Amino acid sequence: MTTQQQEEEKRYDPEDTTLKFVNRQDDLDPLDDDTETLKAEMSCGHAVTPESLTGWCRSLLDQSQFKFLCPALEDGTFVKCGAKWSYQEVRRLAVLTTEEMEHFEKTMAALAAAKYCEYKSCPVCETFVERKDRTNLSVLCTVCTADKGQRYEFCWQCLKQWKGPGPRSNRCDNDGCVNHDLEVLKNCETTSLPQVAGVTDCPSIRACPTCGQRVEHDKTGCKNILCPRCNKEFCFVCLKLTPECLETSSYFTACTEGVAPRQTSIPTWNRN
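Residues numbered from 1 in each chain as written. Predicted model: local features only at pLDDT ≥ 70, side-chain atom pairs only at ≥ 80, totals over all residues. Heavy atoms only, no water.

As recorded by an unreviewed UniProt entry, the protein chain carries the name Probable E3 ubiquitin-protein ligase ARI5 isoform X1 and is attributed to Salvelinus namaycush.

Rendered as structure tokens:
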């Protein structure tokens, strides 16, 4: 499919009576001044084009977020709408192509599984094993234990037979057992947030302060980000939860305490 064909598909049918068309700015694009492109109203009341909606929802998937929330600001405020759009609504108003639908649905399924399940294959018998205690890297495989007639545990991090004392949350005693997520946090490049005044030299990757999920900022919009795993919104700059951060700053201004340093540990999610 050519680029021209894709662009032609990313237009609403003006004869479609099931959509509510509006003649105003695209709420997902604050710089929009196009008065010719047809815009439709989402269920939350904000106006979009197929292109802007597709782009925003793709960026959410790229940030490991599989719930589609409206980023538009309420009139005259810095408060985000935050309304949740169903995939069915997004699929229709974004005018997704067959290829785009396949990408969206596969990505959403993978992200949902990563959020709600904590399973890995045992390195010996390949049976799926659930890790119930996220603070303990030592995991018991009941199948191997039964087959071998003795307790068999493996390391959730390096997938080798457990070596050393336990329980432990950082590593086992096998050579090369390292937390790759932590290494990424320590060594990632720095970035700036162009739309947030005064924010430069911020680590480009963060761990959610609530659940430890690794996230990146797409460098657009405000400094706050919604974690795809625990759905907590936090400031990418100071790492405080949004309500606390906004007590002394705003979505588009630098935090009073500046940029939080690189993280040296990953928070453990307590779901209770």
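Having put the structure on the table, let's press on.
*Asks:* I tried to follow the overall build of the protein chain on my own but got confused; where do I start?
*Replies:* The helix and strand tally for the protein chain stands at seven helices and 15 strands. A principal-axis box enclosing the C-alpha atoms of the protein chain has dimensions of 70 × 45 × 35 Å. Residues counted as buried form 39% of the 272 residues belonging to the protein chain. Put simply, 48% of the contacts in the protein chain that link residues at least 6 apart link residues at least 24 apart. Surface exposure of the protein chain reaches about 15,200 Å², of which carbon and sulfur atoms provide 48%. Between the mean site of the 33 positive side-chain charges and the mean site of the 41 negative ones, the protein chain shows a separation of 11 Å. (Helix = DSSP H or I, 4+ residues; strand = E, 2+ residues; numbered from the N terminus. Buried < 20%, exposed > 50% of the residue type's maximum accessible area, 1.4 Å probe, protein only. Contact = heavy atoms within 4.5 Å. Areas by Shrake-Rupley, 256 points an atom, 1.4 Å probe, with all protein chains shown as cover. Lys, Arg positive; Asp, Glu negative; His and termini not counted. Charge placed at Lys NZ, Arg CZ, Asp CG, Glu CD.)

*Asks:* Just to check I follow, could you spell out the nonpolar core for this structure?
*Replies:* Side chains of nonpolar character tend, in soluble globular proteins, to be buried together. Core analysis: the biggest nonpolar cluster contains 23 residues, and L53, F68, W85 and F104 have the highest contact counts within it. If one sorts the elements of this core by residue count, helix α2 (residues 50-62) sits on top with four residues. V196, V215, C235 and C245 belong to the second largest nonpolar core, which has 20 residues in total. (Core = buried A, V, L, I, M, F, W, Y, C linked by side-chain atoms within 4.5 Å.)

*Asks:* What is the right way to look at unusual backbone geometry in this model?
*Replies:* Phi is mostly negative for residues that are not glycine, and the peptide bonds are mostly trans. Between G166 and the following residue, P167, the backbone shows a cis peptide bond with an omega angle of 0°. Tracing the backbone through its elements, the reader meets P167 in the loop between β9 (153-155) and α6 (180-187). Located in the positive-phi region is D201, a residue other than glycine, with phi close to 55°. As for its position among the elements, D201 is in the loop between β10 (190-191) and β11 (202-203). Residues other than glycine seldom take positive phi values, yet K219 does so here, at roughly 70°. Following the sequence through the fold, K219 ends up in the loop between β13 (214-216) and β14 (224-226). For K219, a relative accessible area of 45% translates into the label partly exposed.

*Asks:* What is the right way to read the sheet that holds strand β2 (residues 39-41) from this model?
*Replies:* Strand pairing in a sheet relies on backbone hydrogen bonds. The paired strands run either parallel or antiparallel. Here we have three strands laid out as an open sheet, ordered β1-β2-β3, and antiparallel in their pairing. Looking at the sheet topology across the chains shown, the edges are occupied by β1 (21-22) and β3 (47-48). Pairing of β2 with β3, which is carried by two bridges, proceeds in the antiparallel orientation. Within β3, the position partnered with E41 by the bridge is A47. (Pairing = 2+ DSSP bridges.)

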